[in-house]
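# Secondary and tertiary structure notes
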Amino acid sequence: MSGHGPAIPMSARKSGPLSGVAEVPGDKSISHRALILGALSVGETRVTGLLEGQDVLDTAAAMRAFGAEVTQHGPGDWTVHGVGVGGFAEPDRVIDCGNSGTGVRLIMGAMATTGIAATFTGDASLVKRPMGRVTDPLALFGAQAVGRDGGRLPMTVVGAANPVPVRYRVPMPSAQVKSAVLLAGLNAPGQTVVIEAEPTRDHTERMLRGFGAELTVEDTDGGRVITLTGQPELTGQTVAVPRDPSSAAFPVCAALMVQDSNILVPGVSQNPTRNGIFLTLQEMGADLVMENPRAEGGEPVADLRVRFGPLKGINVPPARAASMIDEYPILAALAATADGTTVMTGIKELRVKESDRIDAMARGLEACGVRVEETEDSLTVHGMDDVPGGATVASHLDHRIAMAFLCLGMASRQPITVDDASPIATSFPVFEPLMTDLGASISRING
Ligand code: S3P
């Protein structure tokens, strides 16, 4: 959906205590991967709990364009009949990944070692984002890419007909780049090796193994070394998608901001490459308890019980950034209500997300009366007793910026309006009814 629909301005105002159970949707990262790995497998993959956000629906449409049969049977209940490793057909139309950097980068990887060509595009946010970080390593396999200046979409990738395996050290902490290289390595002969200096989300590694690939992971002084043996036969699997910790962070942080709140968020992934936000909240003094820890669908999950209480500002360790990279917008909003200063460092990657998230949060918080400082790779937020609010904030086509300011509006003196909340549908389509059911005062503003 490169055509972006009408803007939906939305406003949040001071809310009564949030209470009840928040069943957040399935994990976005795992949902994309379930569809892509299903498409690269032989036989049927059944997915339950799939996130039906626009980002994932765009990946489903892309997998159909590459020849897989992708069917929805009921809410969150999908099957994929795959074409096998190396079996992608050449799409007869442009692949439109909408707002999704994960979708486009993973799919580019998945097709880059098949002798077909595909042209990719996306919405006004995605066409600004760098693709060179994936097309550089894909070129080592023998793929070619031609895009706009600066390696931007629209872009055509011509896959390598005779790919060679690759050894690649990922230059930035990025699970998307790591995953693109691993997916490309599937159809290269021999062993593809990916090295990452610090661990990023490991869903691709876990799921590749689950679908039958031979993959080893070794923690060394030089980083994590992931070795994939190419040209496996992947076979269809059943994937139960756990609830998304990145979505859970919004009701959790809202409950920590709104006085006397007490909510339960069940079945949330506690994968250690994703749980940095929860550790950070506990360090800030949050009354957050992981109840009933268990394994579901190959991932550790728990029910999160969170109660409102005083929080203090902290220094968030840069080494934790990769494990909570998508949670900085909501953390910055929460930090505005904490006692003292919160310093977030080592977060340069936020500048190339759906928006420049350091800039978007800094400008929005300032407009709401909060004191902030930013550098190229850090954001400092000075907490205050009573955030003034009373501003209209730009979401920059970024779902997490929109949700972060709506949560802050639930706890600020004056309402906060987000100029366009429509991007929330990319990752958390039920955000509005879910938050309203908990007791949040949010509403659309009719233009
Ligand atoms: C994702 C990786 C992260 C994250 C994104 C999802 C993934 O991006 O921000 O929302 O599913 O692999 P980077 O790889 O660019 O850090």
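Keep in mind that what you see is a predicted model, and the values were worked out from it rather than measured. (Residues numbered from 1 in each chain as written. Predicted model: local features only at pLDDT ≥ 70, side-chain atom pairs only at ≥ 80, totals over all residues. Heavy atoms only, no water.)

### Concerning the pattern of salt bridges
Applying the stated criterion to the full structure yields 33 salt bridges. Here Arg133 and Glu349 are joined by a salt bridge, their closest N and O atoms 2.8 Å apart. With Arg133 in helix α4 (residues 132-141) and Glu349 in the loop between β19 (341-345) and α10 (357-367), the pair connects residues that are 216 residues apart, well separated along the chain. Judged on exposure class, the residue Arg133 and its partner Glu349 are both buried. We note a salt bridge from Glu366 to Arg363, for which the minimum N-O separation is 3.1 Å. Pair noted here: Glu366 and Arg363 are both in helix α10, with a separation of 3 residues, about one helical turn. The exposure class assigned to Arg363 is partly exposed, which follows from its relative accessible area of 37%. The structure contains a network of salt bridges with shared partners spanning Arg129, Arg201, Asp326, Glu354, Arg357, Asp398 and Arg400. (Salt bridge = Lys/Arg side-chain N within 4 Å of Asp/Glu carboxyl O. Helix = DSSP H or I, 4+ residues; strand = E, 2+ residues; numbered from the N terminus. Buried < 20%, exposed > 50% of the residue type's maximum accessible area, 1.4 Å probe, protein only.)

### Concerning the site of the ligand
With respect to spatial proximity, the complete set of residues near the ligand consists of Ser29, Arg33, Thr102, Pro173, Ser174, Ala175, Gln176, Arg201, Ile325, Asp326 and Lys353. Measuring from an oxygen atom of the ligand, one finds a backbone N or O atom of Ala175 at 3.0 Å. About the coverage of the ligand: the protein hides 96% of its 390 Å² of free accessible area. Among the secondary structure elements, those contributing two or more residues to the shell around the ligand are α1 (28-39) and α5 (175-185). Among the domains, domain 1 (10-25 + 242-444) and domain 2 (28-233) are the pair contributing at least three residues each to the shell around the ligand. (Near = heavy atom within 4 Å. Polar contact = N/O pair within 3.5 Å; in protein donor to acceptor, adjacent residues only side chain to side chain. Areas by Shrake-Rupley, 256 points an atom, 1.4 Å probe, with all protein chains shown as cover. Domains from an automatic or database assignment.)

### Side note on the packing of aromatic side chains
Throughout the structure, instances matching the rule amount to 2 aromatic pairs. Centroid distance Phe66 to Phe88: 4.7 Å. Interplanar angle 25°. Geometry classified as stacked. You can see Phe66 sitting in the loop between α2 (54-65) and β4 (69-74) and its partner Phe88 sitting in the loop between β5 (77-81) and β6 (95-96), a full 22 residues away along the chain. This pair shows no difference in class: Phe66 is buried, exactly as Phe88 is. With a centroid separation of 5.4 Å and an interplanar angle of 75°, the aromatic rings of Phe428 and Phe431 are classed as edge-to-face. Assessed through its relative accessible area of 0%, Phe428 is described here as buried. Since its relative accessible area comes to 1%, Phe431 is described here as buried. (Phe/Tyr/Trp six-rings, centres within 6.5 Å; stacked < 30°, edge-to-face > 60°.)

### Remarks on the domain arrangement of the chain
What the domain assignment reports for the chain is domain 1 (10-25 + 242-444) and domain 2 (28-233). Domain 1 and domain 2 are separated by 29 Å when their C-alpha centres are compared. Domain 1 puts 25 residues into the contact, and the matching count from domain 2 is 24 residues. Summing both partners gives a buried area of about 2000 Å² for domain 1 against domain 2, and 49% of it is carried by carbon and sulfur. (Contact = heavy atoms within 4.5 Å. Buried area = accessible area lost by both parts, 1.4 Å probe.)

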